[in-house]
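Survey of secondary and tertiary structure
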Amino acid sequence: QVQLVESGGASVQPGGSLRLSCTVSGGSMNVYNMAWYRQAPGNQREMVAVAPTRGVTNVVDSVKGRFTISRDNLKNTMYLQMNNVKREDTAVYYCNADGGWWGNAWGQGTQVTVSS
């Protein structure tokens, strides 16, 4: 089973930008459908963006036009570019790798805090 490590979380002011990274080790990322989730205090974990092995990427409506998901299979790394962040984006962000027969794995999470 692969291991996932997120990085890039930070405190940022509203309207600012961040780029999160998720690095995969112990296997090849190209067999995994990748996704970003987030969990705010008191809320359930929710999917934010997906980057399948094939097909187009997608983000949820609440971040559409502000967040972009991408993946670089050669670097075994997935990214989440976050622009024009809002207070409601404050959460722990997790990456997920879903490979069907290859298994499913989660990272440990990275904290994003949006405040002035």
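Residues numbered from 1 in each chain as written. Predicted model: local features only at pLDDT ≥ 70, side-chain atom pairs only at ≥ 80, totals over all residues. Heavy atoms only, no water.

1. Digging into the nonpolar core
What counts, and what does not: By convention a nonpolar core is built from buried Ala, Val, Leu, Ile, Met, Phe, Trp, Tyr and Cys residues, the set being connected through side-chain atoms within 4.5 Å. Burial classes: relative accessible area under 20% of the type maximum marks a residue as buried, over 50% as exposed, and values in between as partly exposed (1.4 Å probe, protein chains only). For helices the rule is a DSSP run of H or I covering at least 4 residues; for strands it is a run of E covering at least 2, with both sets numbered from the N terminus onward. Throughout, a residue-residue contact means that at least one pair of heavy atoms, one from each residue, lies within 4.5 Å.
The biggest cluster of nonpolar side chains holds 30 residues, and the ones touching the most others in it are W36, L80, M82 and Y93. Among the elements of the structure, β3 (18–25), β4 (33–39), β5 (46–51), β7 (67–72), β8 (77–82), β9 (91–98) and β11 (110–114) are those that each provide at least two residues to this core. Beyond its immediate chain neighbours, meaning those up to four positions away, M82 contacts G16, S17, L18, L20, R66, F67, Y93 and V112.

2. Examining the sheet that holds β3
Which entries qualify depends on this criterion: We call two strands paired when DSSP finds no fewer than two bridges between them. Only the stretch in contact is used when a helix axis is fitted, and all axes are lines through C-alpha atoms; the angle between N-to-C directions ranges over 0 to 180 degrees.
Strand order in this open sheet of four strands is β1-β3-β8-β7, and the pairing throughout is antiparallel. Only two strands of the sheet have a single partner each, and these edge strands are β1 (3–7) and β7. When the angles between neighbouring strand axes are averaged without regard to direction, this sheet yields 15°.

3. Examining the pairing of β5
A regular strand places its side chains on the two faces of the sheet in alternate fashion. One ladder, built from five bridges, connects β4 with β5; its direction is antiparallel. Each bridged residue has a counterpart across the sheet, and for W36 the counterpart in β5 is A49. The turn joining β4 and β5, which pair antiparallel and follow one another in sequence, is formed by six residues; a positive phi near 80° is taken by G42. Hairpin connection from β5 to strand β6 (residues 58–59): six residues lie between these consecutive antiparallel strands, with G55 at a positive phi of about 100°.

Limitation: the analysis is restricted to geometry and does not speak to function.
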